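Spelled out from the first residue to the last, the chains are:
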Amino acid sequence: MKPVALGVIGCGVIGRHHLAAASQSPMIRVAAVADLIAEKGREMAEQYGIPKRYVEGADLLDDPEIEAVVLALPAVGRFPLAMKAFRRGIHVLTEKPVALHADEVRRMIAARGNLVAGCCSSRYRFLPSAAAVTQFIATGALGALRVIRARNISAAGAPPASPPPTWRLRRAENGGGILMNWGCYDLDYLLGVTGWTLKPQTAF
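Residues numbered from 1 in each chain as written. Predicted model: local features only at pLDDT ≥ 70, side-chain atom pairs only at ≥ 80, totals over all residues. Heavy atoms only, no water.

## Regarding the pattern of salt bridges
Taken as a whole and judged by the stated rule, the model has 10 salt bridges. A salt bridge links Glu46 to Arg42, with the nearest nitrogen and oxygen atoms 2.7 Å apart. On the criterion of helical spacing, the pair formed by Glu46 and Arg42 is a turn pair, its members being 4 residues apart in helix H2 (residues 38-48). On the basis of relative accessibility, which here comes to 26%, the residue Arg42 falls in the partly exposed class. For Arg125, the salt bridge is made with Asp188, and the minimal N-O distance between the two is 2.8 Å. A residue pair is termed long-range when its members are at least 10 positions apart, and Arg125 in the loop between strand E6 (117-119) and helix H6 (128-138) and Asp188 in helix H9 (residues 183-193) qualify at 63 residues. Across this residue pair, the class does not change: Arg125 and Asp188 are buried. Salt bridges linked by common partners bring Arg29, Lys52, Asp63 and Glu65 together as one network. (Salt bridge = Lys/Arg side-chain N within 4 Å of Asp/Glu carboxyl O. Helix = DSSP H or I, 4+ residues; strand = E, 2+ residues; numbered from the N terminus. Buried < 20%, exposed > 50% of the residue type's maximum accessible area, 1.4 Å probe, protein only.)

Okay, here's the thing in structure tokens:
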């Protein structure tokens, strides 16, 4: 199988994780990176032997070699780049939150066509424990489900070594608070283990 020519837009913390994983896959060839901070793009290109680097993500999407792209930049930039990628026939994997609001997500889904598109929102559903829960619920031993809850508790860890980037603290750039940034994991888990038979009615 010919490796997919991948571009990664955004070389920050999350983009680096994508680059590390992609560089180890025989099914992927990272062909280009892009970052508004040119030094970050250069650093990642040198570290992983990536032949092309861009500053603007839109310029990476104009590269005829690119077949798929990872959008690992702040949420404010994901919608226009995803729409351009779909117009150019490029598959898309986007970080979460997918966009700034639901209408942008609906437009992305409509524009996708036959292309493959996905979002990084399944952190827990593929754990062995989730498989066990899914199998148990499917037996019907609990009867008809009326209420399901998720509680996610994580250790605080060490204090950050540096302040968070400013975009993380601005709704207009990051698309919302904890429900947008973390709630997708909990919703994906709950809906997945119940066989996608339930539909959320209210979110607080």
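## Observations concerning the packing of helix H1 (residues 13-23) against H2
Closest axis-to-axis distance for the H1/H2 pair is 11 Å, and the angle between their directions is 20 degrees. In terms of orientation, H1 and H2 fall into the roughly parallel class. Seen from above, H1 lies across H2 with right-handed handedness. Within the contact between the two elements, H1 uses Arg16, Leu19, Ala20 and Ser23 and H2 uses Lys40, Glu43, Met44 and Tyr48. (Axes fitted to C-alpha atoms, helices over the stretch in contact; angles between N-to-C directions. Parallel < 35°, antiparallel > 145°, perpendicular 65-115°, else oblique. Left-handed = near helix turned anticlockwise from the far one by under 90°. Contact = heavy atoms within 4.5 Å.)

## Focus: a nonpolar patch on the surface
A cluster of nonpolar side chains, Phe136, Leu142, Leu145, Ile148 and Leu198, forms an exposed patch at the surface whose accessible area comes to about 400 Å². Tracing the backbone shows Leu145 in the loop between H6 and helix H7 (171-174). (Patch = residues over 30% accessible without salt bridge, like charges linked within 9 Å, V, L, I, M, F, W, Y side chains within 5 Å. Areas by Shrake-Rupley, 256 points an atom, 1.4 Å probe, with all protein chains shown as cover.)

## Looking at the pairing of strand E1 (residues 4-9)
Counting buried positions along E1 gives 5 out of 6 residues, so the element sits mostly inside the fold. Here 6 bridges tie E1 to strand E2 (residues 28-34), and the two strands are oriented parallel to one another. By the bridge assignment, Val4 is partnered in E2 with Ile28. Of the pairings in the sheet, the one linking E1 to strand E4 (residues 68-71) comprises 4 bridges and is parallel in character. Bridge pairing links Gly7 to Val69 in E4. (Pairing = 2+ DSSP bridges.)

## Focus on the nonpolar core
Within the largest apolar cluster, 23 residues are counted, with the highest numbers of intra-cluster contacts made by Ile9, Leu60, Leu61, Val69, Leu71, Val92 and Met108. Here the element with the most residues in this core is helix H4 (residues 78-87); it accounts for 6 residues. When sequence neighbours within four positions are dropped, the list of residues in contact with Met108 reads Phe79, Ala82, Met83, Phe86, Val98 and Ala99. With 13 residues, the next largest nonpolar core counts Leu19, Met44, Ile50 and Ala72 among its residues. (Core = buried A, V, L, I, M, F, W, Y, C linked by side-chain atoms within 4.5 Å.)

## With respect to H1
Buried residues of H1: Gly15, His18, Leu19 and Ala22, and no others. For H1, the arc enclosing every buried residue in end-on projection is 100 degrees, short of the 170-degree limit, so these residues lie on one face. H1 presents Val13, His17 and Ala21 as exposed residues on the side facing more than 90 degrees away from its buried surface. For H1, the secondary structure elements touched by its buried residues are E1, E2, H2, E4 and strand E5 (91-94). (Arc of directions from axis to C-beta.)

Honestly, that's just the spatial picture; any functional story needs more than this.
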